[in-house]
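These are the residues of each chain, in order.
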Amino acid sequence: MPSIVERVREDIRTALAKDPAAKSALEVLVAYPGVHALWAHRVTHACWNRGFRLTARVLSHLTRLLTGVEIHPGAEVGRRCFIDHGAGVVVGETTDIGDDVMLYQGVTLGGDTLEDEKRHPTLEHGATVGANATLLGPITIGEGASVGAGSVVLESVPPNCTVVGNPAKLVGECLDDEGIELGSEFVE
């Protein structure tokens, strides 16, 4: 398990690698609200998992006020996740975000039921979600998949595929792990 300092360094390296506008580690350290929100989420998530749920929610609320990013303390967030710009990002309680995921501003990872169950999206490793995209329900965005800006996604997206539009539809080549094109069974 990496130390806190190692994770902070990893997050800064991730921001520098994924954002060409990032010019220095110091700039990321002091002026990247998406990175700050992820750091705060690690604290709130630890509180949540240890049963300090009110404390976690209050800290999460303060983080949202400071960064414009709302990540529920119950959400699971992997390593090297990057939230570019951050403003208006909402991540629901039962969301699972894998490693190396990229989220742009205005993304909503929301629920579609009031039941106390898995009700938010799962984003597998390497997924990218474009600006102002809305993903609703317990759907899965496959490994390496991309969601276009402004898309509304209500159904799972296969790995290594791209969806765009409202409602989101598959576009372009959609390849499986062996590089073989997926058939129309994924297109509705």
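Only a predicted model underlies this, so the values are computations on that prediction, with no experimental measurement involved.

Rules and cut-offs
Residues numbered from 1 in each chain as written. Predicted model: local features only at pLDDT ≥ 70, side-chain atom pairs only at ≥ 80, totals over all residues. Heavy atoms only, no water. pLDDT = per-residue confidence, 0-100. Contact = heavy atoms within 4.5 Å. Salt bridge = Lys/Arg side-chain N within 4 Å of Asp/Glu carboxyl O. Helix = DSSP H or I, 4+ residues; strand = E, 2+ residues; numbered from the N terminus. Buried < 20%, exposed > 50% of the residue type's maximum accessible area, 1.4 Å probe, protein only. Patch = residues over 30% accessible without salt bridge, like charges linked within 9 Å, V, L, I, M, F, W, Y side chains within 5 Å. Areas by Shrake-Rupley, 256 points an atom, 1.4 Å probe, with all protein chains shown as cover. Lys, Arg positive; Asp, Glu negative; His and termini not counted. Charge placed at Lys NZ, Arg CZ, Asp CG, Glu CD. Pairing = 2+ DSSP bridges. Expected span 1.5 Å × (residues − 1).

Draft legend 1. Region of the structure containing the confidence of the model for the chain. Per-residue confidence for the chain gives a mean pLDDT of 94, with 93% of residues at or over 70. Within the model, pLDDT remains below 50 along residues 184-188, and this stretch shows five contacts once partners closer than five positions in the same chain are excluded.

Draft legend 2. Structural view of the pattern of salt bridges. All told, the structure shown has eight salt bridges when counted by the stated rule. Between E10 and R80 there is a salt bridge whose closest N-O contact spans 3.1 Å. Highlighted residues: E10 in helix 1 (residues 4-18) and R80 in the loop between strand 2 (76-77) and strand 3 (82-83), separated in sequence by 70 residues. For R80, a relative accessible area of 24% corresponds to the partly exposed category. With its nearest N and O atoms 2.7 Å apart, the salt bridge here joins D11 to R42.

Draft legend 3. Region of the structure containing a negative patch on the surface. On the surface, D112, E115, D116 and E117 cluster together to form a negatively charged patch. Within the fold, D116 resides in the loop between strand 7 (108-110) and strand 8 (122-123). Taking the relative accessible area as the measure of exposure, D116 reaches 75% and is therefore exposed.

Draft legend 4. Expanded view of the sheet that holds strand 8. Strand order in the open sheet made by the four strands is 2-5-8-11, with parallel pairing throughout. Of all the strands in the sheet, the pair left with one neighbour each is strand 2 and strand 11 (140-141).

Draft legend 5. Broad picture of unusual backbone geometry. The omega angle of the peptide bond from N166 to P167 is 0°, so this bond is cis rather than trans. Turning to its location among the elements, P167 is positioned in the loop between strand 14 (162-164) and strand 15 (169-171). A positive phi is found at H85, a non-glycine position, where the angle reads about 70°. With respect to the helices and strands, H85 occurs in the loop between strand 3 and strand 4 (90-91). One non-glycine residue with positive phi stands out, namely D100, at about 60°. Structurally, the position occupied by D100 is in the loop between strand 5 (96-97) and strand 6 (102-103).

Draft legend 6. Broad picture of helix 1. Taking 1.5 Å of rise per residue, 15 residues should cover 21 Å, and helix 1 covers 21 Å from first to last C-alpha, within 8% of that figure. Taken as a whole, helix 1 has its buried residues at R7, E10, D11, I12, T14 and A15. Buried residues belonging to helix 1 abut helix 2 (25-31), helix 3 (33-49) and strand 3.

Draft legend 7. Up close: the environment of G74. For G74, the position within the fold is in the loop between strand 1 (70-71) and strand 2. Exposure remark for G74: the relative accessible area of 15% places this residue in the buried category. Aside from chain neighbours lying at most four places away, what touches G74 is H45, W48 and E93.

Draft legend 8. Structural view of helix 3. With 17 residues, helix 3 ought to run about 24 Å at 1.5 Å a step, and its terminal C-alpha atoms sit 24 Å apart, in line with that. The set of residues buried in helix 3 consists of G34, V35, A37, L38, W39, A40, H41, T44, H45, C47 and W48. Contacts from the buried residues of helix 3 go to helix 1, helix 2, helix 4 (53-67), strand 1, strand 2 and strand 3. In the segment just after helix 3, G51 is the residue with positive phi, at about 90°.

Draft legend 9. View of the sheet that holds strand 7. Taken together, five strands build an open sheet; the order of strands is 1-4-7-10-13 and the sheet is parallel. Among the strands making up the open sheet, the edge pair consists of strand 1 and strand 13 (152-153).

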